[in-house]
Amino acid sequence: MTDSKYFTTTKKGEIFELKAELNSDKKEKKKEAVKKVIASMTVGKDVSALFPDVVNCMQTDNLELKKLVYLYLMNYAKSQPDMAIMAVNTFVKDCEDLNPLIRALAVRTMGCIRVDKITEYLCEPLRKCLKDEDPYVRKTAAVCVAKLHDINAQLVEDQGFLDTLKDLISDSNPMVVANAVAALSEIAESHPNSNLLDLNPQTINKLLTALNECTEWGQIFILDCLASYLPRDDRESQSICERVTPRLSHANSAVVLSAVKVLMKFMEMLPKDLDYYGTLLKKLAPPLVTLLSAEPELQYVALRNINLIVQKRPEILKHEMKVFFVKYNDPIYVKLEKLDIMIRLASQANIAQVLAELKEYATEVDVDFVRKAVRAIGRCAIKVEQSAERCVSTLLDLIQTKVNYVVQEAIVVIKDIFRKYPNKYESVIATLCENLDSLDEPEARAAMIWIVGEYAERIDNADELLESFLEGFHDESTQVQLQLLTAIVKLFLKKPTETQELVQQVLSLATQDSDNPDLRDRGYIYWRLLSTDPVAAKEVVLAEKPLISEETDLIEPTLLEELICHIGTLASVYHKPPSAFVEGSRGVQHKRLPPRAGSGESTESPDVGQSGPSEAPPAVIPSQGDLLGDLLNLDLAPPTATVPSVQPSMQMGAMDLLGGGLDSLLGGDIGGSPSMGAGLGAAPAAMPASLGGAPAVGGGLGDLFDLGGGVGMPTGSYVAPKTVWLLAMKAKGLEISGTFARRGGIIQMDLSLTNKAMSVMTDFAIQFNRNSFGLAPAGPLQVLTPLSPNQTIDVSLPLSTSGPVMKMEPLNNLQVAVKNNIDVFYFSCQYPLSLLFVEDGKMDRQVFLATWKDIPNDNEAQFQIKDIHLNSDVASNKLQGSNIFTIAKRTVEGQDMLYQSVKLTNGIWVLAEMRIQTGNPNYTWMCWRRPHVRECVSQNDSPVIS
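Note that the structure is a prediction, hence the values are computed from the model and not measured. (Residues numbered from 1 in each chain as written. Predicted model: local features only at pLDDT ≥ 70, side-chain atom pairs only at ≥ 80, totals over all residues. Heavy atoms only, no water.)

Asks: Explain the confidence of the model for the protein here, please?
Replies: Reading predicted coordinates in detail is not appropriate for stretches of low pLDDT. The predicted model of the protein has a mean per-residue pLDDT of 78, with 81% of residues at 70 or higher. Mean pLDDT values over the elements of the protein span from 32, in helix α33 (residues 627-631), up to 93, in helix α18 (residues 296-312). Overall, residues 600-715 carries pLDDT values under 50, and its contacts beyond four positions in sequence, including any with other chains, amount to 246 contacts. (pLDDT = per-residue confidence, 0-100. Helix = DSSP H or I, 4+ residues; strand = E, 2+ residues; numbered from the N terminus. Contact = heavy atoms within 4.5 Å.)

Next up, the structure:
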């Protein structure tokens, strides 16, 4: 009778009977009882009450019984830690048993008992097993180190087990080497910053030697380890590839994919003109093709990996198109994946057989597959220009079949062909219009409406066709409504006299009768454009459209590189980086391919160079979010246009504001310029109440004296602390904090970019809207490495003042757009005007006097600066650090008066008088210039004095 009998009993009082049997003197009865206990445990019964009785059965020479008891211990040790200590002595004894199987069993079980109280007792037995004479025990002990590290990492490091594990890489037995590599890789994943796998040519040679002799799973561990090594040069890379290549013929598909991963990575370092490079390309194709003869599930995994390989190196499989032709009995998930790879491999050389195959697929019975096949024909037309005419002809043949869903898919793809090849295939429009009544899917209806609107001048009854859609306007999907609105406006602009009533009708339906905000907004925009400036409306609505790209679903290059490094794992099946679906700290290391041979890049460079124009990846059609940048005319390149500086002439009046007192100042005490802050301390004080909690950079005038908690620069300029400008919740996980500084005459924007999302962020760019002083990036945003989840990168962006100028409200407001691989994000911030104070702002005394006398009284503004505990000399020095220059000083009735000049980057001068009463912490600051400028000077430049 089989062991299944142990799972059939359900009698009551079983625990009591088992307890008696476990304590029996007869070995067979005891073994039977333990089997019953394990059976009960397996089906979910609680047999923890038998813990001491089962543990007593450990003292036996019977290997089968010992295995069963150890199995029970692993399951219940965590819930009975105090009782589990009883088994420690037996473990220690078993680790010294003459039978290597028992020694290995003991050390394996020790690693699986996750109880802190027991771990310290296991160190000595584990140390002995790591140096055991039997390789089976050593390989088991190597894995146990990784398990123990997961329970208590500090203990493993203190006991020196990691060093012992590294020594095992040099072991004479290949399985010990493989397990040591597996254990070190596991530990390294949970501690990304530790350099446990310190790979060097000698270690690599040992691993490659062991590769030929260990089991298939050992080979996978070693190959994965090799994939993380960066060869010194192309010769070493070629040597490794030569020794890994035989693994391509292995029977296990996981070994094959791991070998492909290593070769794909090291090929990056091989020159393309090398003979071996071409040989390697030829050797990679057969194993990948062989994988497609396995069962469907394995085929799917292989196809997902091949999809990545084809995107990176299509030349590997360019002659293997027929392998990807669909079989009648393939599951739908395999069919769709094969179809995708067929399109990627389509070229002028094989397009004829591809089209013939796709046309055949379009007559299949599986609706989803047919739809994909019809779309694939359209993608072929867009990708291979020479085949476009043949593709259009094939699509017209399919339309003649009058199969509803085929017709609708064909119309959708013909719209894309029109976009790719304008004024070339419009002769087919008449055929499309014949099938107008059969369209019932939103995407197909929207495509047909677009065609009618775009080519309205060629369709005699375009107004009637669009009017027929308009009858059920409110029943249509949003996609159709938006397309219909745009198409009728296009028609009106092309035939205004005939379609005035039609356009008024659609605008009324879109704005007054619709509750969809997108539709309403577009309706109002068109209405206002048409009513105010028909010429502008024509330029906007009938503007020339950009051609669509050949590939619409290419994986972003940086992500593709990372996924190539994860071939043979779940990441390559999901086409997502591990950080997107693995929780916790593991799996978030971002791997990259080494730099391409001859590219001249360092290994730290974030982008792998492509040699020659033919290597450039095809452009990818941006997603809906990316199109926002185009919609708002966002130019993410650094600005090149310069705007001449504004040099307004000063208004001169005839009034002496100081009653003749200024003349005597020219020989008076001039504010000096000793180095800033020597031996000085500012008394802490509260910010002015009028500015409390303002999030903008810079506070009131008091902060000129550094009361805002900012950072004093060595040059004397003040830098406000960073504040959050863009919240992560509003930017799909990207948080941006920042401040502004002026260093050595250069304006800089200091940014902290934090990734609070689950995916890597790359391809950062920045652009400013037009602003009051023409601030613009002086160069690209230098984020040199991908921004990983939970990582923060600090970037300093130099700014120029040569950008487009437009007065903002408030004057120092700055609107910013930041783009990355996820989306375009917008925020606004305020910069301190002291940023724009130039170093040559000290006015000549005679010019100051003449200008001062001639300024009208209307240009005066007075401000209070509170709680500043500095004397006039210190205040003058601090202000000079931020280019607010003291021209003269005098004392009247115990009150110091400082006369100051400031020059802005656009040539505007600001003259000021500061009154400081000894013992009074409140200053009076009066400045003269244009009202909006002086207002901003007072509100934003106070952070400088400190």
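On we go.
Asks: Sorry if this is basic, but what is going on with unusual backbone geometry here?
Replies: For residues other than glycine, phi is negative in most cases, and the peptide bonds are mostly trans. The residue after Glu-809, namely Pro-810, is reached through a cis peptide bond having omega -5°. Of note, Pro-810 is situated in the loop between β8 (792-800) and β9 (813-819). Here Lys-732, not a glycine, exhibits a phi torsion of approximately 50°, which is positive. Note that Lys-732 resides in the loop between β3 (723-726) and β4 (734-743). Look at Asn-790: it is not a glycine, yet its phi comes out positive at around 65°. Among the structural elements, Asn-790 can be located in the loop between β7 (776-777) and β8. Residue classification places Asn-790 among the exposed positions, given a relative accessible area of 70%. (Buried < 20%, exposed > 50% of the residue type's maximum accessible area, 1.4 Å probe, protein only.)

Asks: Before we go on, may I ask you to explain a nonpolar patch on the surface in this structure?
Replies: A contiguous nonpolar patch, built from Val-724, Leu-727 and Met-729 and spanning about 320 Å² of accessible area, is present on the exposed surface. Counting through the fold element by element, Met-729 comes out in the loop between β3 and β4. (Patch = residues over 30% accessible without salt bridge, like charges linked within 9 Å, V, L, I, M, F, W, Y side chains within 5 Å. Areas by Shrake-Rupley, 256 points an atom, 1.4 Å probe, with all protein chains shown as cover. Salt bridge = Lys/Arg side-chain N within 4 Å of Asp/Glu carboxyl O.)

Asks: Sorry, what's going on with the pattern of salt bridges here?
Replies: Where charged atoms from two side chains of opposite charge come close, those side chains can pair. All chains considered together, the criterion is met by 28 salt bridges. Across the pair Glu-268 and Lys-312 runs a salt bridge whose closest N-O atoms are separated by 3.8 Å. You can see Glu-268 sitting in the loop between α16 (253-266) and α17 (275-291) and its partner Lys-312 sitting in helix α18, a full 44 residues away along the chain. Overall, the relative accessible area of 2% leaves Glu-268 in the buried class. Residue classification places Lys-312 among the buried positions, given a relative accessible area of 17%. With a closest N to O distance of 2.7 Å, Arg-375 and Glu-443 form a salt bridge. Here Arg-375 is found in helix α21 (residues 367-383), whereas its partner Glu-443 is found in helix α25 (residues 442-454), with 68 residues between them in sequence. Among the charged side chains, a salt-bridge network with shared partners connects Arg-371, Arg-375, Glu-409, Glu-441 and Glu-443.

Asks: Got a minute to help me understand the packing of aromatic side chains in this structure?
Replies: Remark: the centre distance and the inter-plane angle together describe each pair of aromatic rings, the angle taken between the planes. Evaluation of the coordinates by the stated rule reveals nine aromatic pairs. For the pair Phe-418 and Tyr-455, a centre-to-centre distance of 5.4 Å together with 75° between the ring planes defines the contact as edge-to-face. Linking Phe-418 in helix α23 (residues 404-420) with Tyr-455 in the loop between α25 and α26 (462-470), this pair joins segments that are 37 residues apart in sequence. This pair shows no difference in class: Phe-418 is buried, exactly as Tyr-455 is. (Phe/Tyr/Trp six-rings, centres within 6.5 Å; stacked < 30°, edge-to-face > 60°.)

Asks: What is the right way to look at the sheet that holds β3 in this model?
Replies: Each strand in a sheet pairs with another by means of backbone hydrogen bonds, the pair being arranged parallel or else antiparallel. Read from one edge to the other, the open sheet built from five strands follows the order β3-β4-β5-β8-β7, with strand pairing classed as antiparallel. Edge strands, defined here as strands with exactly one partner in the open sheet, are β3 and β7. (Pairing = 2+ DSSP bridges.)

Asks: Would you mind showing me how to read the packing of helix α27 (residues 478-494) against helix α28 (residues 500-511) here?
Replies: The description of two helices packed together rests on the angle between their axes and the distance between the axes. Close contact between α27 and α28 brings their axes to 9 Å; oriented N to C, the two are set at 155°. Comparing their axes, α28 and α27 come out roughly antiparallel. As for how α27 packs across α28, the hand of that crossing is left-handed. For the pair α27 and α28, the contacting residues are Leu-485, Ile-488, Val-489, Leu-491 and Phe-492 in the first and Gln-500, Leu-502, Val-503, Val-506, Leu-507 and Ala-510 in the second. Of the residues assigned to the contact of α27 with α28, the class counts are 10 nonpolar, one polar and no charged. (Axes fitted to C-alpha atoms, helices over the stretch in contact; angles between N-to-C directions. Parallel < 35°, antiparallel > 145°, perpendicular 65-115°, else oblique. Left-handed = near helix turned anticlockwise from the far one by under 90°. Nonpolar A, V, L, I, M, F, W, Y, C, P; charged D, E, K, R; others polar.)

Asks: Could you clarify how one ought to interpret α28 in this entry?
Replies: An α-helix turns once every 3.6 residues. As a result, residues three or four positions apart point the same way. Under the 1.5 Å per step criterion, the end-to-end length of α28 is 17 Å for 12 residues, consistent within 8% with the ideal 16 Å. The elements touched by buried residues of α28 are α26, α27 and α29 (517-532). (Expected span 1.5 Å × (residues − 1).)

Asks: Explain empty space enclosed by the protein to me, please; I cannot follow it from the model alone.
Replies: Where empty space is left in the structure can be found by rolling a water-sized probe over the atoms. Under the criterion given, the structure shown has two cavities of 30 Å³ or more. Estimates place the volume of the second largest cavity at around 40 Å³. Every residue along the wall of the second largest cavity is listed here: Met-110, Gly-111, Leu-122, Leu-126, Cys-144 and Leu-148. Listed by contribution, the elements that provide at least two residues to the lining of the second largest cavity are α7 (100-112), α8 (116-130) and α9 (135-151). Considered class by class, the residues forming the lining of the second largest cavity number five nonpolar, one polar and no charged. (1 Å grid on protein atoms, 1.4 Å probe; cavity = no way out; pocket = protein on both sides within 12 Å on 5 of 7 lines; lining within 4 Å. Points joined across faces, edges and corners; volume = space filled by probe spheres on them.)

Asks: Just to check I follow, could you spell out the environment of Asn-252 for this structure?
Replies: Tracing the backbone through its elements, the reader meets Asn-252 in the loop between α15 (234-244) and α16. Taking the C-alpha atoms as reference points, Asn-252 and Leu-291, separated by 39 residues in sequence, lie 9.6 Å from one another. In this view, Asn-252 contacts Glu-216 and Trp-217; residues no more than four positions away in its chain are not counted. At 3.3 Å, the side chain of Asn-252 and the side chain of Glu-216 are in polar contact. (Polar contact = N/O pair within 3.5 Å; in protein donor to acceptor, adjacent residues only side chain to side chain.)

Asks: Can you walk me through the nonpolar core in this structure?
Replies: Formed by 209 residues in total, the largest nonpolar core has its most connected members in Tyr-72, Leu-358 and Phe-418. With sequence-adjacent residues up to four places away left out, Phe-418 is seen in contact with Tyr-425, Glu-426, Val-428, Ile-429, Leu-432, Trp-450, Ile-451 and Tyr-455. (Core = buried A, V, L, I, M, F, W, Y, C linked by side-chain atoms within 4.5 Å.)

Asks: Would you mind going over the sheet that holds strand β6 (residues 765-768) with me for this structure?
Replies: Strand order in the open sheet made by the three strands is β6-β9-β10, with antiparallel pairing throughout. If you trace the sheet from one side to the other, it starts and ends with β6 and β10 (824-830), each paired once. Strand-to-strand twist of the sheet, defined as the mean angle between neighbouring strand axes without regard to direction, takes the value 25°. Strand direction decides the pairing type here: β9 and β10, joined by seven bridges, are antiparallel. Paired with Val-818 across the bridge in β10 is Phe-825.

Asks: How should the side chain of Ser-237 be read in this particular structure?
Replies: Relative to the helices and strands, Ser-237 resides in helix α15. Ignoring any residue separated from it by four or fewer positions in sequence, one finds Ser-237 in contact with Pro-231, Phe-266, Met-269 and Leu-270.

Asks: Which parts of the structure should I look at to understand the environment of Ser-258?
Replies: With respect to the element layout, Ser-258 can be found in helix α16. A relative accessible area of 5% places Ser-258 in the buried class. Other than its neighbours up to four places away in sequence, Ser-258 contacts Ile-220, Leu-223 and Asp-224.

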